[in-house]
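Given next are the chains, with one letter for each unit.
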Amino acid sequence: MSILTLPKNSKMLTKDFTYGVATASFQIEGGRDSRLPCIWDTFCATPGKIEDNSNGDVACDHFNLWQQDIDLIDSLNVDAYRLSISWPRVMTVDGKLNQEGVNFYLNILNALKAKNIKAFVTLYHWDLPQHLEDQGGWLNRQTAYEFANYAKLICQQFGDLVHSYATLNEPFCSAYLGYEAGIHAPGKVGKEYGKKAAHHLLLAHGLAMNELQTYSPNSLNGIVLNFTPAYSVDDSAENVKAAQYADDYFNHWYIKPVIDGSYPDIVEQMPTSQQPDIQPGDMEIISQNLDFLGINFYTRAIYKACKDEIFEELPALAPRTDIGWEIYPSAFTKLLTDLNKQYQLPPVYITENGAAVNDHVVDGAVDDEMRYNYYQSHLNAVDSAIESGVDIHGYFAWSLMDNFEWAEGYKKRFGIVYVDYQSQARTIKASGLAYKQLVSNR
Ligand code: GCO
């Protein structure tokens, strides 16, 4: 069997470094009947939106199988489990707690505690209650206040069962993919929507941070951002400039306001109709101190200049994972060291990293060599960043198990555990066994 290794003196081999696995509510839970509808239910029900026409009604049936799934996590020997709370499961339409839904998570959190597994809770991993979308969703400023109310009520319920709270997961995806490109729920399309939605998401983050720091001061409170570093196709001034614009538009748009309290300068080049609606005091709310920053990394993107659209993304180079994303680990190290130079970073956790592979169970085993190689090269990339002085405290594999991969449905498998969606049987893949070895051998 292959094992994952790190240099002998690596900081990632000390017990202070946290290893975990990650999931998200809509992607694994199912249990559709016992919660309110969310924007992903609606999106899945819209023909042509999901590659295999699937939905989240059952998913990995984690709603019923959570106990065995926690045993599975425990069997991997990881220190932590990153999960998300389904807002439509724990809140009612009138902004009160739904105790039955809260209890579902209390049971999970208590079980994790009993096994000494730290809970890293994400409050928003894209499953906005549909009734809030009906009032404009993230284009409606009020949604930010609804989110802060939910954050406050839920953290009061969870008390000290939670080690860490992330307000949002990847606001880029919610805002850009959901309200500008329209390939994620709620599927709105238009440049006039993306940055407005992003601003309300970031405001929601800031308002919720206030609540978390007040009502859950002992947990590590922060946000999870994703980065797809932008590379220029060549050294020509115009292409370099285009790639920088893309980097600001997709990446710095989220970290800069959160850490520095301002949007990238390109905001001034944008037509007013596309600019965010910023009210006095917003940027201070958005940029308050974080206990940690979660960074998700999968791949890079290559750009060239384009007359009409400023930049154009070029097709991903090989080698690629099963979802078509280039495998390019050096971009991970560069991203982390660049961010560390450009920003005053709080402690960093790698909250997601992983690969889609077209896996098969053969004789009861899944030999996912490509994913194993991906993890090896990306763990090394993180180690190099730490060696260069980036303050990284943990690493989470995305994902614990195969699950609903959004617009791709169930066809793309990111798990270190294989899920047979017919029988709901779980099989730890070779990469999962290797990860377990790495974590156990520290
Ligand atoms: C993400 C998402 C995951 C995806 C993963 C692979 O935060 O982007 O957390 O839900 O499944 O990134 O696309």
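See the structure above.
For the structure given in this document, a descriptive report is provided here. What you are looking at is a predicted structure, and each value in this text was computed from that prediction instead of being measured. (Residues numbered from 1 in each chain as written. Predicted model: local features only at pLDDT ≥ 70, side-chain atom pairs only at ≥ 80, totals over all residues. Heavy atoms only, no water.)

For the rest of this paragraph, the subject is the overall build of the protein chain. A count of helical and extended segments in the protein chain gives 14 helices and 13 strands. For the C-alpha atoms alone, the extent of the protein chain along its principal axes is close to 55 × 55 × 45 Å. Relative to its 442 residues, the protein chain shows a buried fraction of 60%. Accessible area for the protein chain stands at about 17,100 Å²; split by element, carbon and sulfur atoms hold 47% of it. Separation between the mean location of the 34 positive side-chain charges and that of the 55 negative ones in the protein chain comes to 2 Å. (Helix = DSSP H or I, 4+ residues; strand = E, 2+ residues; numbered from the N terminus. Buried < 20%, exposed > 50% of the residue type's maximum accessible area, 1.4 Å probe, protein only. Areas by Shrake-Rupley, 256 points an atom, 1.4 Å probe, with all protein chains shown as cover. Lys, Arg positive; Asp, Glu negative; His and termini not counted. Charge placed at Lys NZ, Arg CZ, Asp CG, Glu CD.)

This paragraph deals with the packing of helix H3 (residues 62-75) against helix H5 (residues 99-114). With their axes 10 Å apart at the nearest point, H3 and H5 run at an angle of 5 degrees to one another. In terms of orientation, H3 and H5 fall into the roughly parallel class. Facing His62, Phe63, Trp66 and Ile70 of H3, the residues of H5 in contact are Phe104, Asn107, Ile108, Ala111 and Leu112. (Axes fitted to C-alpha atoms, helices over the stretch in contact; angles between N-to-C directions. Parallel < 35°, antiparallel > 145°, perpendicular 65-115°, else oblique. Contact = heavy atoms within 4.5 Å.)

For the rest of this paragraph, the subject is the sheet that holds strand E6 (residues 230-232). Read from one edge to the other, the open sheet built from 3 strands follows the order E6-E8-E9, with strand pairing classed as mixed. Edge positions in the sheet fall to E6 and strand E9 (310-313), since each of these pairs with one other strand and no more. Shown here is a sheet whose adjacent strand axes are inclined to one another by a mean of 50 degrees, direction ignored. Alignment of E6 against strand E8 (residues 301-306), held across 3 bridges, turns out to be parallel. Counterpart to Ser232 in the pairing with E8 is Tyr303. (Pairing = 2+ DSSP bridges.)

Glancing now at the packing of helix H8 (residues 171-179) against helix H10 (residues 237-260). Running from N to C, H8 and H10 cross one another at 135 degrees; their axes reach a closest spacing of 10 Å. It follows from the interaxial angle that H8 and H10 lie oblique. In this structure, H8 meets H10 at a crossing whose hand is right-handed. Residues Pro171, Phe172, Ala175 and Tyr176 of H8 lie in contact with H10, whose contacting residues are Tyr249, Phe250 and Tyr254. Of the residues assigned to the contact of H8 with H10, the class counts are 7 nonpolar, no polar and no charged. (Left-handed = near helix turned anticlockwise from the far one by under 90°. Nonpolar A, V, L, I, M, F, W, Y, C, P; charged D, E, K, R; others polar.)

This structure, assessed with the given rule, holds 46 aromatic pairs. When the centroid spacing of 6.0 Å and the interplanar angle of 85 degrees are considered together, the rings of Trp87 and Tyr124 count as edge-to-face. In this pair, Trp87 sits in helix H4 (residues 87-90) while Tyr124 sits in strand E3 (residues 118-124), placing the two residues 37 residues apart along the sequence. Through successive ring pairs, a cluster of aromatic residues spans Phe26, Trp40, Phe43, Trp126, Phe404, Trp406, Tyr410 and Tyr421. Of note, Arg89 hangs over the ring of Phe104, and the distance from its end group to the ring centre comes to 5.4 Å. We note Arg300 situated over the ring of Tyr231; from NZ or CZ to the ring centre the distance is 4.8 Å. (Phe/Tyr/Trp six-rings, centres within 6.5 Å; stacked < 30°, edge-to-face > 60°. Lys NZ or Arg CZ within 6 Å of the ring centre and 35° of its normal.)

What follows concerns H5. An α-helix turns once every 3.6 residues. As a result, residues three or four positions apart point the same way. With 16 residues, H5 extends 22 Å from end C-alpha to end C-alpha; this agrees with the ideal 22 Å at 1.5 Å per step. By the burial criterion, the buried members of H5 are Gly101, Val102, Phe104, Tyr105, Leu106, Ile108, Leu109 and Leu112. Each element contacted by the buried residues of H5 is listed here: helix H1 (25-28), H3, strand E2 (80-84), H4, E3 and helix H7 (142-158). Among the residues trailing H5, Asn116 stands out with phi positive, at a value near 65 degrees. (Expected span 1.5 Å × (residues − 1).)

Attention shifts here to the pairing of strand E7 (residues 292-297). For E7, the buried fraction is high: 6 of the 6 residues fall into the buried class. Because side chains alternate across E7, one face comprises the buried residues Phe292, Gly294 and Asn296, and the other comprises Leu293, Ile295 and Phe297, equally buried. As judged from the 6 bridges shared by strand E5 (residues 220-227) and E7, these two strands associate in the parallel manner. Bridging across to E7, Val224 finds its partner in Gly294. Relative to strand E10 (residues 348-352), E7 runs parallel, the two being bridged by 4 bridges. Looking at the pairing, Leu293 lines up with Val348 of E10.

This next bit is on the site of the ligand. Residues in contact with the ligand amount to 13 residues; listed here are only the nearest, Gln27, His125, Glu170, Glu352 and Glu405. Within the side chain of Gln27, a nitrogen or oxygen atom sits 2.6 Å from an oxygen atom of the ligand. Across the complex, the protein chains shield 95% of the 310 Å² of accessible surface that the ligand would expose by itself. Class assignment for the residues of the shell around the ligand results in 6 nonpolar, 4 polar and 3 charged. (Near = heavy atom within 4 Å. Polar contact = N/O pair within 3.5 Å; in protein donor to acceptor, adjacent residues only side chain to side chain.)

Our next topic: the sheet that holds E5. Strand order in the closed barrel made by the 8 strands is E1-E2-E3-E4-E5-E7-E10-E11, with parallel pairing throughout. Strand-to-strand twist of the sheet, defined as the mean angle between neighbouring strand axes without regard to direction, takes the value 25 degrees. As paired strands, E10 and strand E11 (residues 392-398) are joined by 3 bridges and run parallel to one another. If you follow Tyr349 over to E11, its bridge partner there is Gly394.

Before going further, it helps to examine the pattern of salt bridges. As enumerated under the stated definition, the model contains 20 salt bridges in all. With a closest N to O distance of 3.7 Å, Lys115 and Asp74 form a salt bridge. Separated by 41 residues along the polypeptide, Lys115 in the loop between H5 and E3 and Asp74 in helix H3 bring together distant segments of the chain. By relative accessible area, Lys115 is classed as partly exposed at 30%. (Salt bridge = Lys/Arg side-chain N within 4 Å of Asp/Glu carboxyl O.)

By themselves, these figures tell us nothing about what the structure is for.
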